[in-house]
Structures are given as structure tokens and as C-alpha cells.
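Letter by letter, the chains look like this.
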Amino acid sequence: MIVEPKVRGFICTTAHAAGCRENVRQQIEYVKAQPKCGGCKNVLVIGASTGYGLASRITAAFSAGAKTIGIMFEKPSNGKKTASAGWYNTAAFEEFAADEGLYAKSINGDAFSQAVKEETIELIRKDWGSVDMVVYSLAAPRRTLPDGETVSSVLKTTKEAYTNKTIDLANRTVVPVTIEPATQEEIDHTVKVMGGEDWKDWICALSKAGVLAENAVTMAYTYIGPELTHPMYYHGSIGAAKDHLYRTAKEMTKEFAECGLKAYVSVNKALVTQASSAIPVVPLYTAILYKIMKQMGLQEGCIEQMYRLFAQKLLKEPPVTDGECMLRVDDWELRSDVQEKVSEAWEKITTENLDELADVDGYWEEFYRMFGFGLPNVDYSADIDVDVPIASIAE
Ligand code: NAD
């Protein structure tokens, strides 16, 4: 099949197998060109197939030499339609890991479910004995609770309606947007999906099964951002979930003190990922931020962020925290010289000066790249097999 991008709203419904493979290969090459980081052996990554989770898995494996198990919720191809990008990324990750003799297995299923937790525990018990690092990088739109009810997360503000600018990416225009506040029920559901409850369920399940190593480390990801995005993010429904995540980290470190578990939350930079493109206001902010950080030589993508997190924060002895349980790799984004320039551009930006003040081309480039399109070294006119197996799942 000759595969082309089909973009609908915030999502591309096709993915290019060879392009995704190339995207993974380039991320691996990046970490291999950096000094090695050590300090983790058996790493479980929950949400391992795209974005920050994939970059964490690549760093753990190809920089620290860790064995990895990755959990994801992706679609294989049915022979007619392409698989999802995360499926192809994982197939490529396992292929490159095997080339270097690195253990890599993946489980495709709903991470919120008991069944996937049990399958993972069995695999850890059989292959490793215990896990010493758990990265929780889920970005999910919904969660089915143990009683069968399905709750959804929303990307809304809280308290009162919020009006600001946003970008209409398809038409490349700056348009006003008003976001209605989430109801209390919507906030509660967002906390259920994106807060710390399921993260803690994983840690409790691993501990109860006796497969959590002594002095293990666990880490989840959050975003804070500048005041400009606070009504949509930090003080929005997603921010309420992230606050819960943070409190869960502190709670877990206390509750599991006897086995030496340390739980961290890493505050990462705003990036184009499948999850972040859907948040109103944030993509315009991100496009401006890209322009400024590129001009200042400070721009990082998922892999640069995750390598810096592992090498310079998490795996340092002791880890470089804010004094509590936060690791900050949003430090460059939040530098005052960066944010002053962002605020200036934000005040002035309109459809007419959009390309001058924001990196919309760069935004689109990364968007397409997530689905394996627009990469150099890939022949997009070639007829490719869309049905690509993931080695450990095909077994
Ligand atoms: P992403 O959409 O690229 O990745 C999400 C991952 O979760 C994928 O591997 C997907 O398969 C998996 N997943 C989703 N639902 C699942 C389910 N039910 N069961 C199993 N796996 C499931 O997202 P991302 O942007 O990399 O986000 C990861 C984390 O980083 C999130 O907590 C997010 O809030 C945080 N973060 C993102 C940004 C950003 O700008 N993108 C910034 C800071 C922090």
C-alpha cells in the first residue's frame, strides 16, 4: 500500500510504518551519541508507544542498557488499514533492541484493567523476578473503572468561562476561543482518568505480588507551564488531575518507605504529542514557544527531554529534585528570558503575523512526524506492507 497522511482535526488516521521506524531509529541514535547513563536494570513503562513514554523507554534501553517491558493501547493493522503509530513505533523499538541484544517485550491492552496488570506481573515474575523502575506515562481520554463504568477526561477550565486566543491549525488562523468551565463531575472524572489512582494501583499490585524490587523508583509526568496557559492547564480540569498525581507521589513514597520506594513527578516541557494537540490555547502557545526556543538554541523534543531527565536528574545520586518529589526538565521553557519573549509575541500575535511570531511549520512538521510522515530517508512513494508484527506479541 502507498500510505498517505489523512488528518482529521487533532488526529491523523493513518501512520507510515517505515516513517515510524525511522523516527524511532533517530531517537535511538540521539541517545547513543550521548554519554551513557546507568542506574536502572528492569524498567516497566506504562504508556510506552508514543511521546514521552516511548522516549523514556528508548533512553532506559539504549542509554542505561535496561531491559524494558512496555504497556500500550494501540491498533494493529487489519491488512487494509494501517496500524496506529504507536504500534509501528513499538515494532521498530523491539527490532532495534533485539539487534543490540536488549530484552524488550510489550503488552497491548488497557493499562487501567486488572487483566493487564496481572499479565504484566506474570511476565515480570517469569522473566525478571522484579522491576526496579516504573515509568507511568499514560495519556488517556477515558478509563473503565472496576465496576464497569467508563469515565472520560475533559480539557476544560474550571470556575468560570475563559476566553483567549487559539490557533486553528488547519486554516493557519488565530481565532478567539471561549472554554466553558468543567462541571464538578467532569473534574472528578478527569482526576479518575489522569490523576494518580491508577498509578498507585499499579505500584500496589506490583508490591503485593512481590515483584517490586527494594529501593525501586517510580515516576509520572506532568506539565505546569507559564501563567498564560494556567487557566487551561494548571488550573484546568487536567491540572486538578495532575495535582492528584503529585499528591499520590508523596503518598506512595511515605506508604512504601519500608521497601525504599521513591516516587517522583517530572515536570516536562510543552511538546506536540497526540495528547497535547487537543488542548485549546496550548498549541498556539507551543508554536510560539518553538519559535523562541529554536532561536535561542534551547529547543528540545521528547527524546532530548527524556535523556536530560534520566541523565541529569533522575539517575543522579541523589536525584536532582525541587527538594520534594519533583524533577524539573521544564526549566528551559520557564526561563524568564524565554517567557518574556513568549508574552510579547502572545500580545501581538494575529493571523497576519502568525508565521513571523510562531513556528507553525515546525508544529506541523512534528505533528506529521508523530505518524511517521515527512521524515528524511523514507521513500513515501514506495508500496509498503502495512501489516507489521511486534516481535514479542507475535510470539
Ligand atoms: P501520548 O499520547 O504520546 O502517549 C500516551 C501513551 O499512553 C501511549 O503509549 C498510549 O498507547 C498509552 N495509552 C493511552 N491509553 C492507554 C490505556 N488505556 N492503556 C494502555 N496504554 C494507554 O502522550 P504524551 O504527551 O507523551 O503524554 C504522556 C504523559 O506526559 C502524560 O501524563 C502527559 O500529561 C505528560 N506531559 C505531556 C506534555 C506534552 O506537552 N505533551 C508535557 C508535559 C507532560
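Keep in mind the model is a prediction, meaning the values are calculated, not measured.

**Thoughts on the overall build of the chain**
Here's step 1: The number of helices and strands found in the chain is 13 helices and 13 strands.
Here's step 2: For the chain, the C-alpha radius of gyration of 20 Å lies close to 21 Å, the compact-globule estimate for 395 residues.
Here's step 3: Projected onto its principal axes, the C-alpha positions of the chain cover 60 × 50 × 45 Å.
Here's step 4: Here the chain, with 395 residues, has 56% of them falling under the buried criterion.
Here's step 5: Long-range pairs, those at least 24 residues apart, make up 78% of the contacts in the chain between residues at least 6 apart in sequence.
Here's step 6: With the model as given, the accessible surface of the chain reaches about 17,000 Å², and the carbon-plus-sulfur share is 51%.
Here's step 7: Each charge class in the chain can be summarised by its mean position, and for the 41 positive and 55 negative side chains these summaries are 2 Å apart.

**Focus: the packing of helix α6 (residues 197-208) against helix α7 (residues 237-255)**
Here's step 1: For the pair α6 and α7, interaxial distance at closest approach is 9 Å and the crossing angle is 25°. In terms of orientation, α6 lies roughly parallel with respect to α7. Where α6 crosses over α7, the two elements pack in a sense that is right-handed. Where α6 abuts α7, its residues E197, W199, K200 and I203 lie against H244, L245, T248, A249, E251, M252 and E255.
Here's step 2: Here the residues of the contact of α6 with α7 are counted per class, giving five nonpolar, two polar and four charged.

**Topic: the pattern of salt bridges**
Here's step 1: Counted by the stated rule, this structure contains 23 salt bridges.
Here's step 2: Of the charged contacts, one joins R25 and E22 as a salt bridge, the two residues approaching to 2.9 Å between their closest N and O atoms. Placement of both R25 and E22 in helix α1 (residues 17-32) is noted, with a separation of three residues, approximately one turn of the helix.
Here's step 3: Overall, R25 belongs to the partly exposed group, its relative accessible area being 27%.
Here's step 4: What makes E22 buried here is its relative accessible area of 7%.
Here's step 5: The residue R308 makes a salt bridge to D331 at a minimum N-O spacing of 3.0 Å. Of this pair, R308 sits in helix α9 (residues 302-314) while D331 is found in the loop between β13 (326-328) and α10 (336-348), placing the two residues 23 residues apart along the sequence.
Here's step 6: On the accessibility criterion, R308 (5% relative accessible area) is buried.

**A short note on a negative patch on the surface**
Here's step 1: A surface patch of negative charge is lined by D147, E149, E185 and D188.
Here's step 2: In this structure, E149 sits in the loop between β7 (142-144) and β8 (150-152).

**What about the nonpolar core?**
Here's step 1: Among the nonpolar cores identified, the biggest contains 142 residues, and L44, F62, W199, L206 and F310 are the most heavily contacted of them.
Here's step 2: If near-sequence neighbours (up to four positions away) are discounted, L44 is found in contact with I69, I71, T120, I124, W128, V131, M133, V134, V135, W202 and L206.

**Notes on the side chain of E333**
Here's step 1: As for its placement among the helices and strands, E333 is situated in the loop between β13 and α10.
Here's step 2: With no salt bridge to any partner, buried E333 finds its closest opposite charge in K269, at an N-O distance of 5.8 Å.
Here's step 3: A polar contact of 2.9 Å, which involves the side chain of E333, links it to the backbone nitrogen of A270.
Here's step 4: Polar contacts involving the side chain of E333 include one to the side chain of Y285, which spans 2.6 Å.
Here's step 5: Excluding residues that lie within four positions of it along the chain, E333 makes contacts with Y223, G225, P226, N268, K269, A270, Y285, L289, M293, V338 and Q339.

**Considering the packing of aromatic side chains**
Pairs of aromatic rings are described using the distance from one ring centre to the other and the angle between the two planes.
Here's step 1: Counted by the stated rule, this structure contains eleven aromatic pairs.
Here's step 2: Measuring from centroid to centroid gives 5.0 Å for Y223 and Y233, while their planes differ by 85°, and the two rings are edge-to-face. Taken as a pair, Y223 in the loop between β11 (212-222) and α7 and Y233 in the loop between β11 and α7 lie far apart in primary sequence, ten residues in all.
Here's step 3: Here the guanidinium or amino end of R308 rests over the ring plane of W332, the centre of that ring lying 3.8 Å away.

**Thoughts on the site of the ligand**
Here's step 1: Residues in close proximity to the ligand total 31 residues, the closest being S49, Y52, A111, K242 and T273.
Here's step 2: One of the backbone nitrogen or oxygen atoms of F73 is found 3.1 Å away from an oxygen atom of the ligand.
Here's step 3: The separation between an oxygen atom of the ligand and a polar main-chain atom of Y221 is 3.4 Å.
Here's step 4: When the free accessible area of the ligand is taken as 840 Å², the share hidden by the protein chains comes to 93%.
Here's step 5: Of all the elements in the fold, those that place two or more residues in the shell around the ligand are α2 (51-62) and β11.
Here's step 6: For the shell around the ligand, a count of residues per class yields 16 nonpolar, eleven polar and four charged.

Criteria and thresholds
- Residues numbered from 1 in each chain as written.
- Predicted model: local features only at pLDDT ≥ 70, side-chain atom pairs only at ≥ 80, totals over all residues.
- Heavy atoms only, no water.
- Helix = DSSP H or I, 4+ residues; strand = E, 2+ residues; numbered from the N terminus.
- Rg over C-alpha atoms; globule rule 2.2 N^0.38 Å.
- Buried < 20%, exposed > 50% of the residue type's maximum accessible area, 1.4 Å probe, protein only.
- Contact = heavy atoms within 4.5 Å.
- Areas by Shrake-Rupley, 256 points an atom, 1.4 Å probe, with all protein chains shown as cover.
- Lys, Arg positive; Asp, Glu negative; His and termini not counted.
- Charge placed at Lys NZ, Arg CZ, Asp CG, Glu CD.
- Axes fitted to C-alpha atoms, helices over the stretch in contact; angles between N-to-C directions.
- Parallel < 35°, antiparallel > 145°, perpendicular 65-115°, else oblique.
- Left-handed = near helix turned anticlockwise from the far one by under 90°.
- Nonpolar A, V, L, I, M, F, W, Y, C, P; charged D, E, K, R; others polar.
- Salt bridge = Lys/Arg side-chain N within 4 Å of Asp/Glu carboxyl O.
- Patch = residues over 30% accessible without salt bridge, like charges linked within 9 Å, V, L, I, M, F, W, Y side chains within 5 Å.
- Core = buried A, V, L, I, M, F, W, Y, C linked by side-chain atoms within 4.5 Å.
- Polar contact = N/O pair within 3.5 Å; in protein donor to acceptor, adjacent residues only side chain to side chain.
- Phe/Tyr/Trp six-rings, centres within 6.5 Å; stacked < 30°, edge-to-face > 60°.
- Lys NZ or Arg CZ within 6 Å of the ring centre and 35° of its normal.
- Near = heavy atom within 4 Å.

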